[in-house]
Amino acid sequence: LSLSVFSQDYALVKSINGLVTSSGKPLKIGDKVKIGQLVDASKKGSYIDLKIQGKGKMRLVSGVMRVKRIESSAPVYELIKGKIFTYLKPDRKKEKRLRIYTAEGSFAVRGTKFAVVKEKNYRSILCVCEGSVEVKNNYGASGVVFENQEVEFSGVDKNISNKISSRDMSELRGMFKKMGL
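Basis of the calculations
- Residues numbered from 1 in each chain as written.
- Predicted model: local features only at pLDDT ≥ 70, side-chain atom pairs only at ≥ 80, totals over all residues.
- Heavy atoms only, no water.
- Buried < 20%, exposed > 50% of the residue type's maximum accessible area, 1.4 Å probe, protein only.
- Helix = DSSP H or I, 4+ residues; strand = E, 2+ residues; numbered from the N terminus.
- Pairing = 2+ DSSP bridges.
- Phe/Tyr/Trp six-rings, centres within 6.5 Å; stacked < 30°, edge-to-face > 60°.
- Salt bridge = Lys/Arg side-chain N within 4 Å of Asp/Glu carboxyl O.
- Polar contact = N/O pair within 3.5 Å; in protein donor to acceptor, adjacent residues only side chain to side chain.
- Contact = heavy atoms within 4.5 Å.

Engineer: Would you explain the pairing of strand 12 (residues 112–118) in this entry?
Structural biologist: Regular strands place their side chains on alternate faces of the sheet. With respect to burial, strand 12 is a largely interior element, seven of its seven residues being buried. In the sheet, strand 9 (residues 76–88) pairs with strand 12 via seven bridges, with the strands oriented antiparallel. Across the sheet, K83 pairs through a bridge with V117, a residue of strand 12. Looking at chain direction, strand 12 and strand 13 (residues 124–130) are connected through five bridges and run antiparallel. Its bridge partner lying in strand 13, K113 is registered against E130. The antiparallel hairpin formed by strand 12 and strand 13 contains five residues in its connecting segment, where Y122 sits at a positive phi of about 65 degrees.

Engineer: Help me understand the packing of aromatic side chains in this model?
Structural biologist: By convention here, two paired aromatic rings are described through the distance between centres and the angle between planes. The final tally for this structure, using the stated rule, is two aromatic pairs. Ring centres of F85 and F176 lie 6.3 Å apart, and the angle between their planes is 85 degrees; on these two criteria the pair is classed as edge-to-face. Taken together, the residues span a long stretch of sequence, with F85 in strand 9 and F176 in helix 1 (residues 170–178) at a distance of 91 residues. The two residues F85 and F176 agree in class, both being buried. Note on F107 and F153: the rings are 5.9 Å apart at their centroids and 55 degrees apart in plane angle, and the pair reads as tilted. One end of the pair, F107, is in strand 11 (residues 105–109); the other, F153, is in strand 16 (residues 149–153), and 46 residues separate them in sequence. For the pair F107 and F153, a shared accessibility class is recorded, and that class is buried.

Engineer: It is not clear to me how the pattern of salt bridges should be interpreted in this structure. Could you clarify?
Structural biologist: Where charged atoms from two side chains of opposite charge come close, those side chains can pair. Within the structure shown, the criterion is met by nine salt bridges. A salt bridge links D31 to K28, with the nearest nitrogen and oxygen atoms 3.2 Å apart. Look at D31 and you get buried, because its relative accessible area is 18%. In this structure, K163 and D157 form a salt bridge, with 3.9 Å as the shortest nitrogen-oxygen distance.

Engineer: Help me out: how do you make sense of the side chain of S22 in this one?
Structural biologist: Structurally, the position occupied by S22 is in strand 3 (residues 21–22). A relative accessible area of 5% means that S22 is categorised as buried. In terms of polar contacts, S22 uses its side chain to reach the side chain of Q37, at 3.3 Å. Those residues in contact with S22, other than ones at most four positions away along the chain, are L27, V33, Q37 and L38.

Take a look at the structure:
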């Protein structure tokens, strides 16, 4: 499923892979997904590709997310479960900041390729393929994860920086290649 954002209050469905629903109804090409609606691509083999503001792309795989806010300078998405692969093109002229929330914390991005995974209760994982991502949990602990690093944390960890480790990103890079990036 691919979405292109044309205004601040909805996203437009461009294509679909597998069964993807919004608020319980199957999505089809041309549908509008409005702020607050759930997007469910949790059926086996299903995923949704989004064209996001700031010349970016997002893929939700085997998961559920909510569109919290759509605007060019600070779009916000909530990952309830599954995986989100995101690319946001850096823009030196204009400050952009994409934010993804999970139950454990938030991920703030300015220009990078990264993935957020929410498959276990009380745990979130961030993997960075390019650039850097600021991570902050609900306890207030924060850190910056750079290219070829990952972090797994809970919402109450008192330190995030000591949980950052290096990782081979070949699988993640393969997903971005499938996305045409």
